[in-house]
Amino acid sequence: MIPRGDTAADVIARLDASLLARGQTVTLRRYTAPSGTPRPKTDLPVKAFIRPVEALDIKELVGNLATSYFEVILSPTDTAALLPIVRGDKIVFDGKERNVEMPKPITMADVLVRLRVLVAG
């Protein structure tokens, strides 16, 4: 819950501080061509909070529950160079590239203050 009187800048600043102190470094990746050896891409190291998503949380969204799903929280400050994050982008963590399935921008007073991203893989 956002405390009354906070501005979007306040919310972003708190998220940035929290990610800096306790976040995990991940790589936000966007491929810039459909093929190539190596395939051209843009990588951006960012801080994130990652949590596994239980199958019951997502059973209505997907058919194959054998895949692992994670919710990744990102700051618009770190991700600005690759915004908007779209389905098909990748997030690399724990040595594995994972697919962005559902990016969900969170706004406050029309300002992007947080990104909640469902990733699979």
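We now turn to the structure provided with this report. (Residues numbered from 1 in each chain as written. Predicted model: local features only at pLDDT ≥ 70, side-chain atom pairs only at ≥ 80, totals over all residues. Heavy atoms only, no water.)

So, about the nonpolar core. Nonpolar side chains tend toward joint burial in soluble globular proteins. Counting residues in each nonpolar core, the largest one holds 16 residues, and the members touching the most others are L28, V72, L74, I91, F93, V117 and V119. At the level of secondary structure, the elements contributing two or more residues to this core comprise β1 (24-31), β2 (41-52), β3 (69-74), β4 (90-93) and β6 (111-120). The residues contacting I91, other than those within four sequence positions of it, are V26, T27, L28, V72, L74, K96, E97, R98, V100, V117 and V119. Membership of the second largest hydrophobic core comes to five residues, among which are V11, I12, M108 and V113. (Core = buried A, V, L, I, M, F, W, Y, C linked by side-chain atoms within 4.5 Å. Buried < 20%, exposed > 50% of the residue type's maximum accessible area, 1.4 Å probe, protein only. Helix = DSSP H or I, 4+ residues; strand = E, 2+ residues; numbered from the N terminus. Contact = heavy atoms within 4.5 Å.)

Of the two faces of β4, both are covered, the one formed by K90 and V92 as well as the one formed by I91 and F93. Where β1 meets β4, three bridges bridge the pair, whose relative direction is antiparallel. Residue pairing for β4: L28 is matched across the bridge by I91. (Pairing = 2+ DSSP bridges.)

When glycine is set aside, most residues are seen to have a negative phi, and most peptide bonds are trans. Along the chain, T37 connects to P38 via a cis peptide bond; the corresponding omega equals -5°. Mapped onto the elements, P38 comes out in the loop between β1 and β2. Omega for the peptide link from L83 to P84 comes to -5°, which places this bond in the cis form. Position of P84 among the secondary structure elements: in the loop between α3 (76-79) and β4.

With that out of the way, let us pick up the pattern of salt bridges. Across all of its chains, the model carries seven salt bridges by this definition. Residue R51 is joined to E71 by a salt bridge in which the shortest nitrogen-to-oxygen separation is 2.9 Å. In this pair, R51 sits in strand β2 while E71 sits in strand β3, placing the two residues 20 residues apart along the sequence. According to the relative accessible area criterion, R51 is partly exposed, its value standing at 40%. Here R116 makes a salt bridge to E71, at a shortest N to O gap of 2.6 Å. Of this pair, R116 sits in strand β6 while E71 sits in strand β3, and the two are 45 residues apart along the sequence. For R116, a relative accessible area of 33% gives the class partly exposed. (Salt bridge = Lys/Arg side-chain N within 4 Å of Asp/Glu carboxyl O.)

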